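One-letter residues, chain by chain:
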Amino acid sequence: MPRDESLDGFAACGLGGCPRSAGQARRFVRATLTSWALPSLVPDMTLVVSELVTNAVQHALAPSSSPPSSPSSSPPLEHPVWLGLFRYPGVVVCAVSDPSPEPPRPRHAGDAAGSGRGLALVGALSESWSWDRAPVRGKTVWATLSLPGDYA
(Lines give C-alpha, C1' and ligand atoms only; values in the text may rest on other atoms or scores of the structure.)
Protein backbone atom coordinates (compact mmCIF):
# COMPACT_ATOMS: atom_id res chain seq x y z
CA MET A 1 0.00 0.00 0.00
CA PRO A 2 1.16 3.55 -0.59
CA ARG A 3 2.52 5.58 2.31
CA ASP A 4 0.11 7.65 4.40
CA GLU A 5 1.79 10.98 3.70
CA SER A 6 0.64 10.76 0.07
CA LEU A 7 -3.02 10.21 1.04
CA ASP A 8 -5.37 12.36 -1.09
CA GLY A 9 -8.67 11.20 0.42
CA PHE A 10 -10.14 8.88 3.03
CA ALA A 11 -13.63 7.67 3.89
CA ALA A 12 -14.82 4.85 6.17
CA CYS A 13 -18.03 3.27 7.34
CA GLY A 14 -18.92 0.69 9.96
CA LEU A 15 -21.01 -2.27 8.89
CA GLY A 16 -23.26 -4.36 11.11
CA GLY A 17 -22.07 -7.71 9.82
CA CYS A 18 -25.43 -8.90 8.46
CA PRO A 19 -26.26 -10.04 4.92
CA ARG A 20 -27.38 -6.46 4.06
CA SER A 21 -23.86 -5.17 4.76
CA ALA A 22 -22.67 -5.80 1.19
CA GLY A 23 -25.46 -3.60 -0.19
CA GLN A 24 -24.65 -0.87 2.33
CA ALA A 25 -20.97 -1.12 1.34
CA ARG A 26 -21.82 -0.80 -2.37
CA ARG A 27 -23.88 2.35 -1.73
CA PHE A 28 -21.04 3.82 0.34
CA VAL A 29 -18.49 3.09 -2.42
CA ARG A 30 -20.75 4.59 -5.10
CA ALA A 31 -21.32 7.77 -3.07
CA THR A 32 -17.66 8.16 -2.10
CA LEU A 33 -16.19 7.57 -5.54
CA THR A 34 -18.78 9.88 -7.09
CA SER A 35 -17.87 12.62 -4.58
CA TRP A 36 -14.19 12.09 -5.51
CA ALA A 37 -15.14 12.51 -9.21
CA LEU A 38 -14.18 8.88 -9.97
CA PRO A 39 -17.42 7.40 -11.34
CA SER A 40 -15.54 5.14 -13.78
CA LEU A 41 -14.16 3.13 -10.82
CA VAL A 42 -17.62 2.48 -9.35
CA PRO A 43 -18.44 -0.79 -11.19
CA ASP A 44 -15.17 -2.59 -10.40
CA MET A 45 -14.76 -1.18 -6.89
CA THR A 46 -18.34 -2.02 -5.89
CA LEU A 47 -17.80 -5.63 -7.01
CA VAL A 48 -14.46 -5.90 -5.18
CA VAL A 49 -15.89 -4.39 -1.98
CA SER A 50 -19.01 -6.53 -2.21
CA GLU A 51 -16.88 -9.69 -2.38
CA LEU A 52 -14.63 -8.64 0.51
CA VAL A 53 -17.56 -7.64 2.74
CA THR A 54 -19.48 -10.81 1.87
CA ASN A 55 -16.42 -12.89 2.80
CA ALA A 56 -16.11 -11.04 6.11
CA VAL A 57 -19.78 -11.57 6.95
CA GLN A 58 -19.89 -15.22 5.87
CA HIS A 59 -16.54 -16.42 7.16
CA ALA A 60 -15.19 -14.04 9.79
CA LEU A 61 -18.50 -13.60 11.58
CA ALA A 62 -19.84 -17.13 11.17
CA PRO A 63 -21.32 -18.51 14.39
CA SER A 64 -18.66 -20.44 16.22
CA SER A 65 -19.00 -23.77 17.89
CA SER A 66 -17.58 -22.35 21.12
CA PRO A 67 -19.63 -22.35 24.31
CA PRO A 68 -21.91 -19.39 25.01
CA SER A 69 -20.21 -16.21 26.16
CA SER A 70 -19.53 -15.80 29.81
CA PRO A 71 -20.73 -12.67 31.59
CA SER A 72 -17.16 -11.39 31.72
CA SER A 73 -16.65 -11.59 27.95
CA SER A 74 -16.80 -8.43 25.87
CA PRO A 75 -20.15 -7.36 24.39
CA PRO A 76 -20.81 -7.84 20.67
CA LEU A 77 -19.47 -5.10 18.44
CA GLU A 78 -21.95 -2.66 16.93
CA HIS A 79 -19.84 -2.54 13.77
CA PRO A 80 -17.85 -5.78 13.51
CA VAL A 81 -16.85 -5.01 9.91
CA TRP A 82 -15.29 -1.75 8.74
CA LEU A 83 -14.79 -0.54 5.19
CA GLY A 84 -12.22 2.12 4.34
CA LEU A 85 -11.48 3.80 1.03
CA PHE A 86 -8.12 5.50 0.59
CA ARG A 87 -7.29 7.68 -2.41
CA TYR A 88 -3.61 8.00 -3.25
CA PRO A 89 -1.92 9.38 -6.36
CA GLY A 90 -2.61 6.76 -9.02
CA VAL A 91 -4.68 4.30 -6.95
CA VAL A 92 -7.68 3.83 -4.71
CA VAL A 93 -7.39 1.22 -1.97
CA CYS A 94 -10.37 -0.46 -0.34
CA ALA A 95 -9.79 -2.15 3.00
CA VAL A 96 -12.24 -4.38 4.86
CA SER A 97 -11.50 -5.16 8.50
CA ASP A 98 -13.15 -7.90 10.53
CA PRO A 99 -12.58 -9.50 13.95
CA SER A 100 -11.27 -12.86 12.72
CA PRO A 101 -7.52 -13.48 12.63
CA GLU A 102 -7.98 -16.21 10.02
CA PRO A 103 -6.44 -15.32 6.64
CA PRO A 104 -8.59 -15.18 3.52
CA ARG A 105 -8.43 -18.49 1.66
CA PRO A 106 -8.81 -18.44 -2.11
CA ARG A 107 -10.69 -21.50 -3.28
CA HIS A 108 -10.90 -23.28 -6.57
CA ALA A 109 -14.56 -23.35 -7.53
CA GLY A 110 -15.75 -25.89 -10.05
CA ASP A 111 -17.76 -24.83 -13.09
CA ALA A 112 -21.06 -25.69 -11.40
CA ALA A 113 -20.22 -24.15 -8.00
CA GLY A 114 -22.48 -21.33 -6.85
CA SER A 115 -19.80 -19.73 -4.69
CA GLY A 116 -16.06 -19.72 -4.07
CA ARG A 117 -14.98 -17.26 -6.76
CA GLY A 118 -14.90 -14.08 -4.66
CA LEU A 119 -11.15 -13.74 -4.16
CA ALA A 120 -10.53 -14.78 -7.78
CA LEU A 121 -12.77 -11.87 -8.85
CA VAL A 122 -10.94 -9.54 -6.49
CA GLY A 123 -7.64 -10.65 -7.99
CA ALA A 124 -8.89 -10.23 -11.54
CA LEU A 125 -10.30 -6.72 -11.01
CA SER A 126 -7.65 -5.24 -8.75
CA GLU A 127 -4.07 -4.20 -9.34
CA SER A 128 -3.12 -6.11 -6.19
CA TRP A 129 -4.69 -7.49 -3.03
CA SER A 130 -3.48 -8.92 0.24
CA TRP A 131 -4.22 -8.97 3.94
CA ASP A 132 -2.61 -8.04 7.24
CA ARG A 133 -3.32 -8.95 10.84
CA ALA A 134 -4.75 -6.03 12.76
CA PRO A 135 -2.60 -4.76 15.65
CA VAL A 136 -5.27 -5.39 18.29
CA ARG A 137 -7.72 -7.91 16.86
CA GLY A 138 -8.72 -9.47 13.56
CA LYS A 139 -7.42 -8.68 10.10
CA THR A 140 -7.76 -6.29 7.18
CA VAL A 141 -8.10 -7.48 3.59
CA TRP A 142 -7.28 -4.81 1.01
CA ALA A 143 -7.26 -4.35 -2.74
CA THR A 144 -5.98 -1.56 -4.99
CA LEU A 145 -7.51 -0.28 -8.20
CA SER A 146 -5.58 2.02 -10.50
CA LEU A 147 -7.04 5.44 -11.25
CA PRO A 148 -8.02 6.10 -14.85
CA GLY A 149 -5.29 7.86 -16.85
CA ASP A 150 -6.94 11.29 -16.50
CA TYR A 151 -6.75 11.06 -12.68
CA ALA A 152 -3.45 9.23 -12.11
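Above: the structure in question.
Here we summarise the structure given alongside this text. Not measured: the values here are computed from a predicted model.

1. Some thoughts on the overall build of the chain
The helix and strand inventory of the chain stands at 3 helices and 5 strands. For the chain, the sequential pattern of α-helices and β-strands runs β-α-α-β-β-α-β-β. The buried share among the 152 residues of the chain stands at 41%. Surface exposure of the chain reaches about 8,800 Å², of which carbon and sulfur atoms provide 54%.

2. Topic: the packing of aromatic side chains
On inspection of all chains with the given rule, the structure shows 1 aromatic pair. Between Phe 10 and Phe 86 the ring centres are 4.9 Å apart and the planes differ by 50°, which places this aromatic pair in the tilted class. Linking Phe 10 in strand β1 (residues 9–15) with Phe 86 in strand β2 (residues 81–88), this pair joins segments that are 76 residues apart in sequence.

3. Digging into the sheet that holds strand β4 (residues 128–133)
Whenever strands of a sheet pair, they do so through backbone hydrogen bonds, lying parallel or antiparallel. Read across the sheet, 5 strands follow the order β1-β2-β3-β5-β4 without closing on themselves; strand pairing throughout is antiparallel. At either end of the open sheet lies a strand with only one pairing partner, and these are β1 and β4. This sheet shows a mean twist of 15° between the axes of neighbouring strands, independent of strand direction. Bridge analysis of β1 against β2 gives 7 bridges, and the strand direction is antiparallel. Its bridge partner being in β2, Leu 15 is matched across the sheet by Val 81. Contacts between helix α2 (residues 42–60) and the sheet are confined to β1, β2, β3 (91–98) and β5 (139–146), with β3 contributing the most and set at about 15° to the helix.

4. Examining the environment of Gly 23
Relative to the assigned elements, Gly 23 resides in helix α1 (residues 21–35). Gly 23 sits 26 residues away from Val 49 along the chain, and the two C-alpha atoms are 9.8 Å apart.

5. Quick word on α2
Along its 19 residues, α2 runs 25 Å from first to last C-alpha, staying within 8% of the 27 Å computed at 1.5 Å per residue. If you check which residues of α2 are buried, you get Val 42, Met 45, Thr 46, Val 48, Val 49, Ser 50, Glu 51, Leu 52, Val 53, Ala 56, Val 57 and Ala 60. Buried-residue contacts for α2 involve β1, α1, β2, β3, α3 (118–125) and β5.

6. Focus: the pairing of β4
For β4 and β5, the ladder comprises 6 bridges, and the chain directions are antiparallel. The residue of β5 that forms the bridge with Asp 132 is Thr 140.

Parameters and conventions
Residues numbered from 1 in each chain as written. Predicted model: local features only at pLDDT ≥ 70, side-chain atom pairs only at ≥ 80, totals over all residues. Heavy atoms only, no water. Helix = DSSP H or I, 4+ residues; strand = E, 2+ residues; numbered from the N terminus. Buried < 20%, exposed > 50% of the residue type's maximum accessible area, 1.4 Å probe, protein only. Areas by Shrake-Rupley, 256 points an atom, 1.4 Å probe, with all protein chains shown as cover. Phe/Tyr/Trp six-rings, centres within 6.5 Å; stacked < 30°, edge-to-face > 60°. Pairing = 2+ DSSP bridges. Axes fitted to C-alpha atoms, helices over the stretch in contact; angles between N-to-C directions. Contact = heavy atoms within 4.5 Å. Expected span 1.5 Å × (residues − 1).

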